[in-house]
Amino acid sequence: MNLSLVDFLFYVFSAISVGGGLAVILSRNPVTAAMFMILSLVGVASLFVLLEAFFLAVLQVLVYAGAVMVLFLFIIMLMDVGPDSGKGAKLSKKRILSGFIALLGVGLLTVLTLEYSGVATVATDSADHWQDVTEETSAAGANIVFSKSVKSFGYGLFTKYMLPLQVAGFLLLAAMVGVIVLSKKTDDVDAHNKADGPSPGTTNPQSEEA
Amino acid sequence: MIKTVVMERKPLSLSERTYLPQIASGLKTTFSNLFKKKVTLQYPEQRPAIPRGYRGVPTLVKDPNGREKCVSCQLCEFVCPPKAIRITPGHVPEDDEERSHVEKAPEEFEINMLRCIYCGYCEEVCPEEAIFLQENYSLSGYSREEMINNKEELYELGGTLPDKHFKWDKKKADEESGNAH
Amino acid sequence: MDIELIQMLALKVTYAVVMVSVVMSIAGYTVLAERKVCAWMQGRVGPNRTVLPFVSAIPIIGPFLRNLGIFQPLADGLKFLFKEEIVPGHVNKFYYYLSPIVALVPALTTMTVLPFGEFTNAEGHTTPLVLANVDLGILFVFAISSLGVYGIVLAGWSSNSKYPFLGGIRSSAQMISYELAMGLSVLPVFLWVNAPGMTESGLSLVSIVNSQENAPWLVLIQPFSAFLFLIALFAETNRLPFDMPESETDLVGGFHTEYGSFKFGIFFVAEYAHVVIGSAIFTTLFLGGWHFLPWVADPWAPGLIGSLLGVGWFLAKTFCLIFFFIWVRWTLPRFRYDQVMKLGWAKLLPLALVNLIFYVILVTYLDQAAAS
Ligand code: SF4
Ligand code: SF4
């Protein structure tokens, strides 16, 4: 077999990310699962590196492996979930349903992959493919090209994809406020307006800022 | 009636709440300390000055003529709070030229330094001024047995103290003039 | 694989090994510096006994080196190696062994993007001395150093005992809280450097350093960002006053309570490696890296000597910062846990945001002024 170094690395990192992902759902111990998830995320980041998308790779590590998973571990440890929880559960309706949906998802993914594989050809001439963004291309975000440089992300996000970015940001903000409302002890809210129930207005303004 | 004074604590000013001026002054203090004279004593080479009246390891001493002073009265054994002293009393042989007037002397004298609390009672109680807590403060050993000082060790540690009284000389002279006790 | 690739790989590996050993020995000597400075501040003399046999024979230098404790780190390292290795029975073996490695690797990986000098060859072509001149420099550093927390968290969890666990929990909370403030505090720096009209651009640390050549250091332009970054750095390196995960007095050593011998040594060195790298990064970001003084051109001629002097100057600045770290440690008491959290979320983060917004407006204003 004639494998180039990049190909070889691709298989290694894919194996790491897929294997890690499998191990996440198969391991009994939640901490182990979390660790495998980190491994899987790092594997994906390495795949980004192979694609020369360094920025994405770094963000992947920074945000997911570095911050989100720490929170996961934090919660797992605080709740002290033992390796045994969920062992004796029966094959309930819910489980069958979720299994079915998962199968459906996998099937869909396979079909789509098969359908579209070979459509996207990788440009051999890297010079034009990884074209750098210049100030002109960004004028109205008209001809944004995907590029490995950080700048292109910036221009892309703040011109062409401004609206999606804002919407996503707004959604996240709403989610955050929602979490704060849900997790806040409702005692004081009840005392003030029992009829209205918790509303976003009663949240701590400071936490909203954060 | 007792009047209660409620102390008002002033709220911290802005500069105090940032901690920064305090941190700066603290840093200044530690920095100036960097160049102060060091107080460390380089121990094995330099020894601390032992103050008078220091209570070190209890030892047995001899009088200026090199004679054993202890008469094995066992007062120290009784007074010792942790029962560190063990004495086996013995006789001074009749024909001992040096100490012909003395009847008793310890055959064995042990001080267990694992028990001793350096209280100094033994020194205080001894009627013959035979036991002294001297300046030696560092004492170590590899086994429990090593930490029990027997008679030879005690005399070796104690040595001879200048004794102005020469009590036994007087006694001897008295005895010779037929005026014992 | 062709010969050239192998050659390049070998060269890179050699560089990496050299760099790792240099940083490790600096970390080792930082431990010594910590002990010495602490001793001096407390009116003591610190370690002054260890000496190699043949060195002690040299008349004046021998005793001088001995009094400085130069050989203490060697003795300490050996001690860690030869100590009995005790593994408590109640630990989770796998993670227990894994966590010291997880703690050390990120500390050493961040140094790959750390530029420490530059070399100008005869043709006037300048190459920065850095293992990997990644365009994303600072982001890479943040990403990797954020992984360092796993070592602590896992150590705390796998020790299966109360104090380490508390240390791990505290550290994860603290790291997350201060990472945000840290990232936000350096954003203005990059905004400034990448502002339209500036010569340098990109997130690379090399360009940051070069923007400070012959120009004011960034600490003079953005003292507030530097200040915030420094505080966050203290928190991220777990140094007093933020040494929540360890806090000897209330957690008996925190996450590494159950660790002994060489595993403890690795944690220890990792911690100091963090300090060394952190200081180096602060130097590159705010103190002009290997460039001489603000507004003053480098007095040394380009070339081998020049680049060596530059590296030396860079190291000197870094050592000053390390000294500052030590100095602060032996001056300040520890914050309480809730104070740390409050400081991070309610003070540092809003301040960093305000700082960022201020510089956004300033840079925009300058840009508009320049355009019109
Ligand atoms: S010093 Fe006190 S404890 Fe020690 S032998 Fe004398 S009486 Fe006993
Ligand atoms: S040392 Fe003094 S108190 Fe103790 S037995 Fe001898 S004479 Fe008596």
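For the structure, check the block above.
Quick caveat, the model's predicted, so the values are computed rather than measured.

Draft legend 1. Representation of the nonpolar core within the structure. Ranked by internal contacts, the top residues of the largest apolar core, which has 120 residues, are Phe229(C), Phe242(C), Phe282(C) and Leu285(C). Per element, the largest residue contribution to this core is 15 residues, and it comes from helix α6 (residues 137-158) of chain C. Setting aside residues no more than four positions away along its own chain, Phe242(C) makes contact with Gln174(C), Tyr178(C), Ile231(C), Phe234(C), Ala235(C), Phe335(C), Val340(C) and Leu343(C). The next biggest cluster of nonpolar side chains, apart from the first, holds 20 residues, and it includes Cys76(B), Ile87(B), Cys126(B) and Ala130(B).

Draft legend 2. Main features of the interface of chain A and chain C. Contacts between the two partners involve 24 residues from chain A, matched on the other side by 25 residues from chain C. Overall, the association of chain A and chain C removes approximately 2200 Å² of surface from exposure, summing both partners, and the carbon and sulfur fraction of that is 82%. Between the two partners, chain A and chain C, sit zero salt bridges. For the pair chain A and chain C, the number of links is three residue pairs in polar contact (both at pLDDT 80 or more). If you list the elements that add at least two residues to the side of chain A that touches chain C, you get α2 (30-50), α3 (54-79) and α6 (150-158) of chain A. With 15 residues, α3(A) is the single largest residue contributor to the side of chain A that touches chain C. The residue makeup of the side of chain A that touches chain C, split by class, is 19 nonpolar, three polar and two charged.

Draft legend 3. Region of interest: the side chain of Gln42(B). On the secondary structure map, Gln42(B) appears in the loop between α2 (20-34) and β1 (58-60). Here Asn48(C) takes part through its side chain, which lies 3.4 Å from a polar atom of the side chain of Gln42(B). In contact with Gln42(B), other than residues within four places in its own chain, are Val45(C), Asn48(C) and Arg49(C).

Draft legend 4. Up close: the site of ligand 1. Within the structure, ligand 1 sits among Cys80(B), Pro81(B), Pro82(B), Ile85(B), Cys116(B), Ile117(B), Tyr118(B), Cys119(B), Gly120(B), Tyr121(B), Cys122(B) and Leu133(B). Looking at the shell around ligand 1 residue by residue, the classes come out as 11 nonpolar, one polar and no charged.

Draft legend 5. View of the site of ligand 2. Inspection of the region around ligand 2 gives Cys70(B), Val71(B), Ser72(B), Cys73(B), Gln74(B), Cys76(B), Ile87(B), Phe109(B), Cys126(B), Pro127(B), Glu128(B) and Ile131(B) as its neighbouring residues. Tallied by class, residues from the shell around ligand 2 come to nine nonpolar, two polar and one charged.

Draft legend 6. Broad picture of a nonpolar patch on the surface. A cluster of nonpolar side chains, Leu5(A), Phe8(A), Val12(A), Ile16(A) and Leu39(A), forms an exposed patch at the surface whose accessible area comes to about 400 Å². Looking at the nonpolar patch element by element, the count peaks at four residues for helix α1 (residues 5-26) of chain A.

Draft legend 7. Up close: unusual backbone geometry. A positive phi angle, close to 55 degrees, is found at Lys83(B), a residue other than glycine. By secondary structure assignment, the location of Lys83(B) is in the loop between α3 (75-79) and β2 (85-91). Residue Asn238(C) is not a glycine yet carries a positive backbone phi of 60 degrees. Note on placement: Asn238(C) falls in the loop between α10 (223-236) and α11 (248-251).

The rules behind the values
Residues numbered from 1 in each chain as written. Chains lettered and ligands numbered in written order. Predicted model: local features only at pLDDT ≥ 70, side-chain atom pairs only at ≥ 80, totals over all residues. Heavy atoms only, no water. Core = buried A, V, L, I, M, F, W, Y, C linked by side-chain atoms within 4.5 Å. Buried < 20%, exposed > 50% of the residue type's maximum accessible area, 1.4 Å probe, protein only. Helix = DSSP H or I, 4+ residues; strand = E, 2+ residues; numbered from the N terminus. Contact = heavy atoms within 4.5 Å. Buried area = accessible area lost by both parts, 1.4 Å probe. Salt bridge = Lys/Arg side-chain N within 4 Å of Asp/Glu carboxyl O. Polar contact = N/O pair within 3.5 Å; in protein donor to acceptor, adjacent residues only side chain to side chain. Nonpolar A, V, L, I, M, F, W, Y, C, P; charged D, E, K, R; others polar. Near = heavy atom within 4 Å. Patch = residues over 30% accessible without salt bridge, like charges linked within 9 Å, V, L, I, M, F, W, Y side chains within 5 Å. Areas by Shrake-Rupley, 256 points an atom, 1.4 Å probe, with all protein chains shown as cover.

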